[in-house]
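# Descriptive structure summary
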Amino acid sequence: MSTKQTPTASLTFRLLFWSPAIAIILSAVAVPGGLLIFGLPLLALGYFLFAVLAQNGDGSREPAVQPARVHDDPRPRARKGALTMSKANTTRPVRPDPEPTSPLNAIEVHGLSKTYHGGVEAVKAIDFEVAASEVFGLLGPNGAGKSTTIGMLTTTIKPTGGSARLAGFDVAKQPLAARSVSSVVFQEPVVDRSLTGRRNLDLHARLWRVEPREAKARIAELAHTLGLTELLDRPVGSYSGGERRRLEIARALVSQPRVLFLDEPTVGLDPRIRAELLDVIARLRDRTEMTILLTTHYLDEAEKLCDRLAIIHQGEIVALDTPAALLAGLGREIVELRVSGDAEAALASLRSHGIVDGDGFAVGSTLTLPLHERSAAEAIAAIDGTGLATSSISTRQPTLDDVYLRLTGGRIHEAA
């Protein structure tokens, strides 16, 4: 509703507003004591009439109403793509139907890219799929593009190319729906240190509109699973690093996500606490059917927890397979030797003698020679027969670090 002023009313307003002030000046000048006799009563009368007329603008008792346009619809309009609330249960948003995707995949990434200002390519058209209930790892050093990939999958970073889906929802076109089926534990802590652990979990449950009785049961179960029961009523500021990390994981699980992202979950923890947290994550994997994608630069962590690994280097995926299959590519055993001269020339010499295949590599003065058909004793004898000067020679089983070295030319812990 709006008021309407006529030209006459506007003029009346001006006269009523200014005439008392003029009367005060004249009465004060012309008549001794005129200010009290004439001026103040006129001022009061004028402002009274002004207030009465100002109620409607034209002296009428009903406000003037602008005629409604024919096409106006008084009902609120829903935003396109907005989540709606179910009449039967208003505690949760109704998730829109997902776009077609494989029922076996919880995550699908195709040509996903991110280029920052200045032409910095953090992620370069990567492709991978993660099956439902699978634990999938992105392995690589700091700066490889792992956290940027997590940011795009969790809708906190906008992709510049390609697509990604979580449980069928496009992270760029349906960000709210994608968030509704996922949760994330970031590298940096997000729990409030001044609150108790229980209060942190309860607040997160409320944000996700979990019914209070259900939230209470979930918090108790998660506390038991993650070893937090005795800590819940203490301020988070009194927790150790590992205890806070477990609370972060519990917080992410309160909403019962279908996909959980763990971004460097054990970074910065001492070896004992890190080992305890790895056991917690392993137990979590065995107890749930949730899909987990974790990023790490710890090789033992990736090998222990992950069903499959993608090795990411300078924004590109350079290998993707199970840990066992990646290791099998280097054979059952490797020979490692240190040479005093040019390592690359020594490696070329061993290749020319047929002692090493194309998957041998040199880092500094150290040569690593995967053995496939040849035994370690035969390989060492063949090396001695070439007359190559070596300062040390040994054999061992291959590791994921060897896989990473062969693919990228640098040790992952040195790059991290």
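Located above this text is the structure these notes cover.
Presented here is a report on the structure given in the accompanying data block. (Residues numbered from 1 in each chain as written. Predicted model: local features only at pLDDT ≥ 70, side-chain atom pairs only at ≥ 80, totals over all residues. Heavy atoms only, no water.)

## Brief notes about the sheet that holds strand 6 (residues 161–166)
- A sheet is described by the order of its strands in space; here four strands give the open sequence 4-3-6-7, paired in antiparallel fashion. The sheet is open, and its two edges are formed by strand 4 (120–131) and strand 7 (169–170), each paired on a single side.
- One ladder, built from two bridges, connects strand 6 with strand 7; its direction is antiparallel. Each residue of the ladder has a partner; that of Arg165, found in strand 7, is Asp170. (Pairing = 2+ DSSP bridges. Helix = DSSP H or I, 4+ residues; strand = E, 2+ residues; numbered from the N terminus.)

## Section: the packing of helix 7 (residues 241–253) against helix 8 (residues 271–287)
- Running from amino to carboxyl end, helix 7 crosses helix 8 at an angle of 20 degrees, the nearest separation of the two axes being 9 Å. Comparing their axes, helix 8 and helix 7 come out roughly parallel. Crossing angle aside, the handedness with which helix 7 passes helix 8 is right-handed. Here Gly242, Arg245, Arg246, Ile249 and Leu253 of helix 7 lie close against helix 8, whose contacting residues are Ile273, Leu277, Val280, Ile281 and Leu284.
- Its residues assigned to classes, the contact of helix 7 with helix 8 shows seven nonpolar, one polar and two charged. (Axes fitted to C-alpha atoms, helices over the stretch in contact; angles between N-to-C directions. Parallel < 35°, antiparallel > 145°, perpendicular 65-115°, else oblique. Left-handed = near helix turned anticlockwise from the far one by under 90°. Contact = heavy atoms within 4.5 Å. Nonpolar A, V, L, I, M, F, W, Y, C, P; charged D, E, K, R; others polar.)

## What about the packing of aromatic side chains?
- If you walk through the whole model with that rule in mind, you get one aromatic pair.
- Centroid distance Phe128 to Phe136: 5.1 Å. Interplanar angle 10 degrees. Geometry classified as stacked.
- The class of Phe136 is buried, set by a relative accessible area of 0%.
- Taking the ring centre of Tyr298 as reference, the NZ or CZ of Arg274 above it sits at 4.0 Å. (Phe/Tyr/Trp six-rings, centres within 6.5 Å; stacked < 30°, edge-to-face > 60°. Buried < 20%, exposed > 50% of the residue type's maximum accessible area, 1.4 Å probe, protein only. Lys NZ or Arg CZ within 6 Å of the ring centre and 35° of its normal.)

## A word on unusual backbone geometry
- Here Ala125, not a glycine, exhibits a phi torsion of approximately 50 degrees, which is positive.
- Following the sequence through the fold, Ala125 ends up in strand 4.
- Although it is not a glycine, Ala167 sits at a positive phi angle of roughly 50 degrees.
- Mapped onto the secondary structure, Ala167 falls in the loop between strand 6 and strand 7.

## Side note on the nonpolar core
- Counting 49 residues, the largest nonpolar core has Leu228, Ile249, Leu260 and Leu262 as the members making the most contacts within it.
- Tallying contributions element by element places helix 8 first for this core, with seven residues.
- Not counting residues up to four positions away in its chain, the partners in contact with Ile249 are Val185, Leu226, Leu262, Leu277, Ile281 and Leu284.
- Within the second largest apolar cluster, 27 residues are counted, among which are Leu166, Phe169, Val259 and Leu293. (Core = buried A, V, L, I, M, F, W, Y, C linked by side-chain atoms within 4.5 Å.)

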